[in-house]
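# Structural characterization, general
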Amino acid sequence: MIDQDIIEPSIDPATKKIGIRHVKATNAAGTRTKIQVRDFDPVYTDEPASLGGTNSAPSPLETVLVALVGCDGVIINGVATAMKFSYSGVDFACESQIDVRGPKGVPGIRPYFETAKLDIIVYSDETEARFQQLRKNVEFRCPVMNLLHAAQVDMDVSWVQRPAADYAGSIE
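Since the model is a prediction, treat every value here as computed from it, not as a measurement. (Residues numbered from 1 in each chain as written. Predicted model: local features only at pLDDT ≥ 70, side-chain atom pairs only at ≥ 80, totals over all residues. Heavy atoms only, no water.)

### What to know about the overall build of the protein
- In terms of regular secondary structure, the protein is built from 3 helices and 6 strands.
- Starting at the N terminus, the α and β elements of the protein follow one another as β-β-β-α-β-β-α-α-β.
- Counting only C-alpha atoms and orienting by the principal axes, one finds that the protein spans roughly 50 × 40 × 40 Å.
- The buried share among the 172 residues of the protein stands at 26%.
- Put simply, 61% of the contacts in the protein that link residues at least 6 apart link residues at least 24 apart. (Helix = DSSP H or I, 4+ residues; strand = E, 2+ residues; numbered from the N terminus. Buried < 20%, exposed > 50% of the residue type's maximum accessible area, 1.4 Å probe, protein only. Contact = heavy atoms within 4.5 Å.)

Right under this line is the structure:
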């Protein structure tokens with residue numbers, strides 16, 4: 001049985017609905033990759049100079065963190081809408097740890113994150129119980145967070161609630 005705090009799905013659970021995502025990319029024999037997503041301007045990835053890159057764009061692993069906070073933002077909005085949960089904004093801070101020997105081919109060293117720390121500040125005047133219900137539902141639904149859990153990344157996720165009026169909408 002699903003936890004009583006988990007809200008009903010926002011889609012018919014008996015009807016399978018497949019979502020397809022497409023990207024195209026090109027890499028000219030270096031660390032920088034040009035990626036096309038739908039009809040947006042190209043997105044680039046690269047590596048820091050310390051890892052042999054040209055430091056011209058975020059690394060692919062940094063873009064995983066971008067995906068995590070972006071996905072949480074989308075899922076928070078969807079869950080809040082379904083719950084009629086009022087909030088004025090969310091701030092995220094995220095970092096991860098990787099043993100760079102893994103991607104360099106050292107046997108026995110995982111080539112991806114060992115740990116990730118995610119701080120989520122939700123600006124809302126809702127009750128603590130509703131805030132915890134939002135948190136539980138977001139963690140249940142977020143595809144990227146669940147991918148990291150499935151990969152056995154040690155996730156340290158901190159949720160903090162602050163008054164709605166405190167949201168500044170800018171990176172500190």
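So much for the structure itself; the text now carries on.
### Remarks on the sheet that holds strand β2 (residues 33-37)
- The antiparallel open sheet is built from 3 strands, whose spatial order is β1-β2-β3. Sheet topology places β1 (23-27) and β3 (43-45) at the edges, where each strand pairs with a single neighbour. In this sheet, neighbouring strand axes are inclined to one another by 25° on average, regardless of whether the strands run parallel or antiparallel.
- As paired strands, β1 and β2 are joined by 5 bridges and run antiparallel to one another. (Pairing = 2+ DSSP bridges. Axes fitted to C-alpha atoms, helices over the stretch in contact; angles between N-to-C directions.)

### Looking at the side chain of S124
- Mapped onto the elements, S124 comes out in the loop between β5 (115-123) and α2 (128-141).
- The residues contacting S124, other than those within four sequence positions of it, are F85, S86, Y87, Q161, R162, P163 and A164.

### Examining the packing of aromatic side chains
- The final tally for this structure, using the stated rule, is 2 aromatic pairs.
- Here Y123 and Y167 contribute two aromatic rings whose centre-to-centre distance is 5.3 Å and whose plane-to-plane angle is 55°, an arrangement assigned as tilted. Remark: Y167 occurs in the segment after β6 (154-162) and Y123 occurs in strand β5; sequence separation between them is 44 residues.
- Considering the side-chain rings of F131 and W159, the 6.2 Å spacing of their centres and the 70° angle between planes classify their relative orientation as edge-to-face. (Phe/Tyr/Trp six-rings, centres within 6.5 Å; stacked < 30°, edge-to-face > 60°.)

### Re unusual backbone geometry
- Unusually for a residue other than glycine, R38 sits at a positive phi of about 45°.
- In the Ramachandran plot, Q152 falls in the positive-phi region, its phi being about 60° despite a non-glycine side chain.
- On the secondary structure map, Q152 appears in the loop between α3 (143-150) and β6.
- Looking at Q152, the relative accessible area reads 65%, which means it is exposed.

### So, the packing of α2 against α3
- At their nearest, the axes of α2 and α3 sit 6 Å apart, and the two run at 65° to each other. Between α2 and α3, the crossing angle belongs to the class labelled roughly perpendicular. The segment α2 lies against α3, with E139, F140 and R141 engaging P143, M145 and N146.
- Residues of the contact of α2 with α3, tallied by class, amount to 3 nonpolar, 1 polar and 2 charged. (Parallel < 35°, antiparallel > 145°, perpendicular 65-115°, else oblique. Nonpolar A, V, L, I, M, F, W, Y, C, P; charged D, E, K, R; others polar.)

### Here's the deal with α3
- For α3, the full list of buried residues reads V144, M145 and L148. Summarising the axial view, the buried residues of α3 lie within an arc of 105°, below the 170-degree limit, and thus occupy one face. Along α3, exposed side chains directed more than 90 degrees from the buried face belong to L147 and A150.
- On its buried face, α3 is in contact with α1 (60-83), β5, α2 and β6. (Arc of directions from axis to C-beta.)

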